[in-house]
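Chain by chain, the residues:
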Amino acid sequence: MRFLMVLLLIFVVPSFGFSMHIMEGFLPPAHATFWYILSIPFFVYGLFAIRRILKENPKQKMLLAFVAAFAFVLSAMKIPSVTGSCSHPTGVGLGAIIFGPTTMTVLGAIVLLFQALLLAHGGITTLGANVFSMAIVGPLVSYFVYKLFMKTGKRTLAVFLAAFLGDLFTYVTTSFQLALAFPDKSYGMWYSFAKFLGIFAVTQIPLAIIEGFLTVVVLDMILKYNEELALGGEK
Amino acid sequence: MIAEKISYDNRFSNIHPLPKIIFSFSMLFLTFWFSNFVNVLVIVSIFFLLFFAKVKMTDFLKFFLVVVLFIFLSSLTLFFDFSALTVQRGLKVFVRSVAGTSCILFLIFTTPVVDIISFIHFRMLKDLIFLIYRAIYILIKVVEQMITAQAARFGYTNFRNTINSMKYLMYGAFSRSIKYSEESYMGLSSRNYNGTIEILKEYSLNLYILIPFVVEIILIALEVFYVKA
């Protein structure tokens, strides 16, 4: 019976609350602090990376600002969708491929802060956890998968897998964070992990595929029309 | 984005942001310690405070209900385990989350984001955050116009079409971002931009700001003397 309820949940929840943001107050204080501490080194490293970029070319500051705004706007806009839920691309994978992963950590953290302050989406106490899953794990996975598969010479495959796996690992990390905070009463953490994974999978896997596909075509268009930009990022 | 509009036009908006930040953050951290009953009172008192600040209640309610629905659906998973019903845990997290969000909503609805940004003292980060904030509003307008234009030309009608439209929207937004970033750099540098942006604002001091703190003290007293005792 309980199992059926969990199964039912898997089909009811994601169609509405599909987002991967952990909302305000969800994580117990100890967990929230832990994810904050884990995120800070990456953030600081990202700040140094940005400073290096700005020293080379101060013009890039505006570009970084607009890339972050791009990620925010795509996640905030209600794009009409036939499935009912307002699915949207995040563009973090795209940014990670062009600007490098640690730069995206800082930009992603600021975007998440604005989502908390302008839309009440996510939260201040859970910011550390959200930054870790969305602005650290996602871009890092995207970037390294891209680097790895670029060695085979197939760019389309590399970009698709980068965006797809970046999205996927973001949601796996979120599920892990939730499972760690709310382990199953008698079976323990891994059952709970499986529960959260199952619930998010229904929307996140199709969304990740769509995101992967979109990133491929958008990056193709960018490479076609702005050669100097893409070459600058691939160093 | 409605919250940002309201934050410029209420009783608290011209008051120095520091007390408002202290109030909402201390309240936010207290919600972890409060019991369910007091957390519900937190939500009620935030409503009262926003009503007192002359925030239009219908606008606030619309915003609030969407957020609560969202929190409810996310916390639904916490009510069930494979082994047992965990109603108590689910309820506790749900109430705590709504209470915490209300505290942040108080800050959002009474303080313009620029005021909060002006509190960051790390130069590079402050500049970057301010520029991102500005870029968001430029891009929102552009993307809105693009979506309208696409919808008027039968975009987003079926699944294939939606993906195709989204492709052009993403590329459009990205290429506009590059174009606008170049233009705004030109605009700023022609006005002697040297890498720092100053935010100038005058704040007034008003005794109204004591009211949230009085409410907070009452809530703490209630928790200590009534619920815990």
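Predicted model, so just to flag it, every value in this text is computed and none were measured.

1. Let's talk about the domain arrangement of chain B
All names here are of chain B.
- Per the domain assignment, the segments making up chain B are domain 1 (1-115 + 204-228) and domain 2 (121-190).
- Each of domain 1 and domain 2 has a C-alpha centre, and these two points are 32 Å apart.
- Listed by partner, the interface residues are five residues for domain 1 and four residues for domain 2.
- Here domain 1 packs against domain 2, burying approximately 360 Å² in sum over the two surfaces, 75% of which is carbon and sulfur.
- It is M1, E4 and V114 in domain 1 that bury the most area against domain 2; as a group they hold 83% of the surface buried on that side.

2. Notes on unusual backbone geometry
- Of note, the phi angle at B:K54 is positive, near 65 degrees, even though the residue is not glycine.
- Looking at the secondary structure, you find B:K54 in the loop between α3 (36-52) and α4 (57-75).

3. What about the packing of aromatic side chains?
Residues and elements named next belong to chain B.
- Counting across every chain of the model gives 25 aromatic pairs over all chains.
- Plain terms: the ring middles of F63 and F109 are 5.4 Å apart, the flat faces sit at 90 degrees to each other, and that makes the pair edge-to-face. With F63 in helix α4 and F109 in helix α5 (residues 87-110), this residue pair connects regions lying 46 residues apart in the sequence. The exposure classification of F63 matches that of F109, with both residues buried.
- Consider the rings of F72 and F94, whose centres lie 5.7 Å apart with planes at 80 degrees: the pair is edge-to-face. Taken together, the positions of F72 in helix α4 and F94 in helix α5 put the pair 22 residues apart, joining distant regions of the chain.

4. As for the UniProt feature "transmembrane region" (unreviewed entry) in chain A
Residue and element names in this part refer to chain A.
- UniProt feature "transmembrane region" (unreviewed entry): in the numbering of this structure it lies at residues 33-50, 62-80, 92-120, 127-146, 158-182 and 194-219.
- Secondary structure within residues 127-146 divides into 100% helix and 0% strand; the distance between the first and last C-alpha atoms comes to 27 Å.
- Annotation note: span residues 158-182, helix share 96%, strand share 0%, distance between end C-alpha atoms 35 Å.

5. As for the nonpolar core
- Within the largest apolar cluster, 148 residues are counted, with the highest numbers of intra-cluster contacts made by A:L94, A:F114, B:F109 and B:I132.
- Per-element tally for this core: the top contributor is helix α7 (residues 123-152) of chain B, with 16 residues.
- Each of domain 1 (1-115 + 204-228) and domain 2 (121-190) of chain B contributes no fewer than three residues to this core.
- In contact with A:F114, not counting residues within four places along its chain, are A:F72, A:L119, B:V113, B:I117, B:I129, B:I132, B:Y133 and B:I136.

6. Section: the interface of chain B and chain A
- At the interface, 78 residues of chain B touch 75 residues of chain A.
- For the pair chain B and chain A, the summed buried area comes to about 7,400 Å², and 84% of that belongs to carbon and sulfur atoms.
- Taken as a group, B:F82, B:M170 and B:F174 account for 12% of the area that chain B buries against chain A, more than any other trio of residues on that side.
- Counting the contacts that link chain B with chain A gives one salt bridge.

7. A short note on the packing of helix α2 (residues 29-56) of chain A against α7(B)
- At a closest axis distance of 11 Å, the pairing of α2(A) and α7(B) adopts a crossing angle of 80 degrees. Put simply, α2(A) runs roughly perpendicular to α7(B). Contact with α2(A), carried on its side by A:F43, A:L47, A:I50, A:R51 and A:L54, involves B:M124, B:L125 and B:L128 of α7(B) and no other residues of that element.
- A per-class count over the contact of α2(A) with α7(B) returns seven nonpolar, no polar and one charged.

What counts, and where the lines are drawn
- Residues numbered from 1 in each chain as written.
- Chains lettered and ligands numbered in written order.
- Predicted model: local features only at pLDDT ≥ 70, side-chain atom pairs only at ≥ 80, totals over all residues.
- Heavy atoms only, no water.
- Domains from an automatic or database assignment.
- Contact = heavy atoms within 4.5 Å.
- Buried area = accessible area lost by both parts, 1.4 Å probe.
- Helix = DSSP H or I, 4+ residues; strand = E, 2+ residues; numbered from the N terminus.
- Phe/Tyr/Trp six-rings, centres within 6.5 Å; stacked < 30°, edge-to-face > 60°.
- Buried < 20%, exposed > 50% of the residue type's maximum accessible area, 1.4 Å probe, protein only.
- UniProt positions renumbered as here; feature names shortened; annotations may be inferred.
- Core = buried A, V, L, I, M, F, W, Y, C linked by side-chain atoms within 4.5 Å.
- Salt bridge = Lys/Arg side-chain N within 4 Å of Asp/Glu carboxyl O.
- Axes fitted to C-alpha atoms, helices over the stretch in contact; angles between N-to-C directions.
- Parallel < 35°, antiparallel > 145°, perpendicular 65-115°, else oblique.
- Nonpolar A, V, L, I, M, F, W, Y, C, P; charged D, E, K, R; others polar.

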